[in-house]
Structures are given as structure tokens and as C-alpha cells.
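Inside the fold
Take a look at the letters that make up each chain.
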Amino acid sequence: MTVETTETVPTCAYPGCTNPTEPHAPDAQGPASRYCGHPEHNALGAFRKFRAKRQQRKEDKRVAAEAKKAAKDDARGPEAPVAGQAWPVVEQPVPVPVAASEQPAQAPVAEPAEQALMEAVDSEMAALAATSTADGDRAAQSRDDLVALIKQLATELPSYIEELAIITDSAAAEARIETVTRACAQRILAAEERATLAEEAAEMAVTALDAAKEKFAEETDAIREETGAQVADAVFVRAELERYRERVGMLEVRLDAVRDEADELRRARATHTAAPEQPHPAAPENC
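Keep in mind that what you see is a predicted model, and the values were worked out from it rather than measured.

Reading the values: rules and limits
- Residues numbered from 1 in each chain as written.
- Predicted model: local features only at pLDDT ≥ 70, side-chain atom pairs only at ≥ 80, totals over all residues.
- Heavy atoms only, no water.
- Helix = DSSP H or I, 4+ residues; strand = E, 2+ residues; numbered from the N terminus.
- Buried < 20%, exposed > 50% of the residue type's maximum accessible area, 1.4 Å probe, protein only.
- Contact = heavy atoms within 4.5 Å.
- Patch = residues over 30% accessible without salt bridge, like charges linked within 9 Å, V, L, I, M, F, W, Y side chains within 5 Å.
- Areas by Shrake-Rupley, 256 points an atom, 1.4 Å probe, with all protein chains shown as cover.
- Salt bridge = Lys/Arg side-chain N within 4 Å of Asp/Glu carboxyl O.
- Lys, Arg positive; Asp, Glu negative; His and termini not counted.
- Charge placed at Lys NZ, Arg CZ, Asp CG, Glu CD.
- pLDDT = per-residue confidence, 0-100.
- Disulfide = S-S within 2.5 Å.

On a plain count of helices and strands, the protein comes out with 3 helices and 0 strands. Burial status across the protein gives 6% buried among its 287 residues. Here the analysis covers contacts within the protein between residues at least 6 apart in sequence; of these, 49% occur between residues at least 24 apart.

Now the structure itself:
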């Protein structure tokens with residue numbers, strides 16, 4: 001016993017279309033399309049079709065309700081006034097003069113009661129007419145507000161339709177989400193690249209700063225060493241100068257002493273030259 005299986009081909013989701021849906025491409029992402037290859041058969045076109053049908057049904061219901069109401073008004077006759085019209089004013093009957101011989105004896109007794117009844121009916125009719133006028137004014141104002149709201153809705157409806165079409169169409173929604181995700185990923189990648197470049201630039205700046213600090217430290221040390229050497233040389237020169245000064249002082253002292261000795265010798269020689277020569281005594285003879 002063999003069981004036959006029938007494979008159902010999915011048809012287009014557009015109202016009234018029986019064409020098969022477009023085949024799903026092997027390299028395409030997301031779910032398969034639910035519409036055929038017709039350019040107007042898409043989520044937005046389907047929504048517009050559904051909306052047109054719904055409006056047509058509402059229009060048919062409205063026409064049927066108006067026809068039914070008109071039939072009821074025709075069945076009632078002229079008793080019920082049409083909306084917006086005032087109730088007819090009941091004219092009071094004009095009394096016809098009757099001869100005194102033809103008037104009955106008790107007729108004047110019923111005239112005040114009939115007149116009061118007619119006045120009550122007139123006041124009720126006037127109140128109903130005023131109420132109908134106020135209702136008509138309120139209805140006109142409500143109609144103007146409704147027309148303004150309809151115009152505003154007609155202006156804003158296309159954007160709502162597009163958003164609703166995107167929301168109701170899973171493929172369009174997924175495509176939009178994918179587009180937004182890709183854009184966000186690109187922005188994140190660009191931000192990460194900028195952050196990486198900024199970090200590299202910061203690292204290069206820190207490296208250059210460290211190198212500058214090291215060079216400055218080396219130059220400072222060299223200057224300090226050179227300055228220390230120069231200071232040591234100056235100290236050495238100053239010490240030598242002090243020693244030379246001491247030696248010069250000693251030499252000056254010796255020079256002064258030599259001068260004093262030379263002066264004394266000169267004076268002694270001059271004294272010896274100025275004194276006369278005396279004879280030497282003869283030596284005694286020995287026997």
C-alpha cells in the first residue's frame with residue numbers, strides 16, 4: 001500500500017492572486033518572499049487592497065443604513081420632521097363670529113380650556129425646535145472637527161501605512177533590521193578604528209615624550225658633569241693661584257731681606273773706605 005503525498009505550492013499573499021511565490025535564492029538571507037513577481041504585489045499593496053475592501057464594506061453599510069432610515073421616514077410620513085428642520089408651528093384657529101341666536105348656551109365655558117391646551121402645545125413645539133437647532137449646531141461643529149481629523153489622518157496616513165507594511169511584512173522588517181544592524185556594525189567598526197588610531201597616536205606621543213625625557217635627562221647630566229668639571233677646574237686654578245701668591249709673598253720677603261743685607265754691606269763698605277789707614281805696631285825683638 002503506497003501513500004501518495006501531494007506537495008502544496010505556496011501562492012501569493014496578495015488578495016485574489018493565485019500565482020506562486022518567487023523562489024528563494026540560495027545566496028539570499030532571510031525568509032522566502034510571500035508574494036509573486038508582480039511589481040504591485042507586496043506588503044504595501046496588500047495592505048492598500050485590504051483597506052480598499054474595508055472602506056467599500058463600510059460604504060455599503062452606510063448606504064444600506066441610509067436607505068433603511070429613508071424607508072422608515074417615508075413610512076412615518078410627515079409627522080416626524082427631518083433633522084435640521086424646525087417643527088411646524090400650529091396655527092391657532094381664528095374664531096368665526098356666530099350670531100347670538102345660533103350660539104349654544106354652554107359654548108363659552110369650553111373656550112379657555114382649549115386656548116390653554118393650544119398654548120401648551122405651542123410652547124412644547126418651540127422648545128423642541130430650539131433643541132433641534134442646538135443639536136444641529138453641535139452636529140455641524142462635530143462634523144467640522146471630524147473633517148479636520150480626517151484631513152490630518154489623510155496627511156499622516158502614508159507614513160503610518162509604510163511603517164505598518166514594514167512591521168507586518170517579516171521579510172521587510174528583517175531586511176530593515178539587517179540594514180540597521182549593518183549600519184550600526186559599520187559605525188562601531190569605524191569608531192573602533194578611530195579608537196585604535198587614537199590609542200596608537202597616544203602610544204607614539206608617550207614614546208616620544210619618554211624619549212624626550214631621557215634625552216633631557218642625559219643632556220642635564222652632561223651639563224651637570226661639565227659644570228662640575230669646570231667648577232673643579234676653577235677650584236684647582238684658585239688653589240694654584242693661592243699657592244703662587246704664597247710663593248710670591250715668600251719671594252718678596254726674601255727679596256726684602258736680600259735688599260736689607262745689600263744695604264748693610266754697602267754701608268759697611270762705605271764706612272771702611274772713609275776711615276784712615278793706621279800703622280801697624282812693630283813686633284818686639286827677642287834677645
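Back to the text.
On the surface, a cluster of positive charge is made up of Lys-49, Lys-53, Arg-54, Arg-57, Lys-58 and Lys-61. Here Arg-57 lies in helix 1 (residues 43-76).

We now examine the side chain of Thr-21. Examined against the element boundaries, Thr-21 turns out to sit in the segment before helix 1. Every residue in contact with Thr-21, bar those within four places of it in the chain, is listed here: Pro-10, Thr-11, Cys-12, Ser-33, Arg-34, Tyr-35 and Cys-36.

Evaluated as defined, the whole model comprises 5 salt bridges. In this structure, Arg-62 engages Glu-59 in a salt bridge whose closest nitrogen and oxygen atoms are separated by 2.2 Å. Of this pair, Arg-62 and Glu-59 are both found in helix 1, 3 residues apart, which corresponds to roughly one turn of the helix. Residue class for Arg-62 comes out partly exposed when judged on its relative accessible area of 39%.

What follows deals with a negative patch on the surface. A contiguous patch of negative charge, built from Asp-210, Glu-214, Glu-218, Glu-219, Asp-221 and Glu-225, is present on the exposed surface. When you line up the elements, Glu-214 lands in helix 3 (residues 170-274). For Glu-214, a relative accessible area of 53% puts it in the exposed group.

As a further point, take the confidence of the model for the protein. Put simply, the protein has an average pLDDT of 75, and 69% of its residues get 70 or more. Here helix 2 (residues 111-168) stands out as the element of the protein with the lowest mean pLDDT, 70, in contrast to helix 3, whose mean of 87 is the highest. Note on residues 82-110: pLDDT under 50 across the span, and 11 contacts to partners over four residues away in sequence or across chains.

Counted according to the given criterion, the structure contains 0 disulfides. For Cys-12, which is in no disulfide, the shortest distance to another cysteine sulfur is to Cys-36 and amounts to 3.7 Å. With a relative accessible area of 5%, Cys-12 lands in the buried category. The exposure class of Cys-36 is buried, given its relative accessible area of 6%.

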